[in-house]
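Residue strings, one per chain:
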Amino acid sequence: MPVFADERKARIAQHVLAHQRATVSELAQMFQASESTIRRDLQELEEQGVLRRTHGGAVAKEIAAFEPTWSEKRIQNQEAKMHIAALALELVRPGQVVLLDAGTTTYELARQWRHEGVTVVTNSLDIASELRSRRELELVLLGGQFRAKTGAFVGPFAERMLDELHVDIAFLGANGVDFRGFTTPNPQEAAVKRAMVRCADRAVLVADRTKLDQIAFVRVATWDEIDTWISDGPLPEGEWRRWQAEAEVEFICEREDGGVRG
């Protein structure tokens, strides 16, 4: 029996809400509709604020807006973050001004820090605390409104300070990475991250592969604004490998034999 468009969209919304996520192909089979029809339905449902589209499907709105605390993120994928931090530090040169975004992967850079004669700028209280006793570097802490959930200083004061700065390289974390760029749950933190991208000669995303195909509430940057992406291993076969071959973003990860691949 054919399903009317409004009924189909209502049932799609119910399915995504119940299961938290769904793919286009799954929904097309379920409702005996073409994938292009399902994509239009998802676009309309997103415009109505019912769900959030992802590459190849959709997730429930609360999933997109969910933001774990700094402590919760700190213990997740710790080994991957350690590998990413070690690769990221290879990009730092003496005399540079380096910006560290507030995040648990960037915190790992601070924990492994080994460079001298570098100025480090951060909006993270935890990173500043980690680096405060390092006499071999200059530390600059951005001001603003403090978000206890992530340990980050955000808001117009932080953005205004960044507008006055020029840094050689900025390392930025993400909650989600998709084919358009990367995202984060909080609008204030997204605005500060965007200001960081603007003030940097080289914008480097540090994000492990668990972030793939995840989309948080607010988009930070598109790929044409990012110079380098450092991750914990090769991208999966299929669409992500094709993206890597076509994108102008430098991709760095550790090979299985311990070497580094781009």
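Scroll up for the structure.
An account of the accompanying structure is given in this report.

Definitions and cut-offs
- Residues numbered from 1 in each chain as written.
- Predicted model: local features only at pLDDT ≥ 70, side-chain atom pairs only at ≥ 80, totals over all residues.
- Heavy atoms only, no water.
- Helix = DSSP H or I, 4+ residues; strand = E, 2+ residues; numbered from the N terminus.
- Buried < 20%, exposed > 50% of the residue type's maximum accessible area, 1.4 Å probe, protein only.
- Contact = heavy atoms within 4.5 Å.
- Pairing = 2+ DSSP bridges.
- Axes fitted to C-alpha atoms, helices over the stretch in contact; angles between N-to-C directions.
- Phe/Tyr/Trp six-rings, centres within 6.5 Å; stacked < 30°, edge-to-face > 60°.

1. Observations regarding the overall build of the protein chain
- Assigned secondary structure in the protein chain consists of 11 helices and 16 strands.
- The proportion of buried residues among the 262 residues of the protein chain is 51%.
- Counting only contacts in the protein chain whose residues sit at least 6 apart along the sequence, the fraction spanning at least 24 positions is 59%.

2. Regarding the sheet that holds strand β13 (residues 218-222)
- Spatial strand order, β10-β11-β13: 3 strands in an open sheet with antiparallel pairing. Edge positions in the open sheet fall to β10 (176-177) and β13, since each of these has one partner strand only.
- As defined by bridge partners, β10 adjoins strand β11 (residues 181-184) across 2 bridges and the pair is classed as antiparallel. Opposite Val177, over in β11, you have Phe182 as the bridge partner.
- Across the sheet, helix α10 (residues 187-199) is in contact with β11 and β13; its angle to β13 comes to roughly 15°.

3. Some details on the packing of aromatic side chains
- Inspection of the entire model under this criterion finds 8 aromatic pairs.
- Aromatic pair Trp229 and Phe251: ring centres 5.1 Å apart, planes at 80°, arrangement edge-to-face. Linking Trp229 in strand β14 (residues 228-230) with Phe251 in strand β15 (residues 250-254), this pair joins segments that are 22 residues apart in sequence.
- Taking the centre distance of 5.4 Å and the plane angle of 70° together, the rings of Trp240 and Trp243 count as edge-to-face. You can see Trp240 and its partner Trp243 sitting in helix α11 (residues 239-246), 3 residues apart, about one turn around the helix.
- Classification of Trp240 as buried rests on a relative accessible area of 3%.
- The exposure class of Trp243 is buried, given its relative accessible area of 10%.
- Three or more aromatic residues link up through ring pairs in this structure, and these residues are Phe179, Trp223, Trp229, Trp240, Trp243 and Phe251.

Fair warning: the whole summary comes from geometry, so function is off the table for now.
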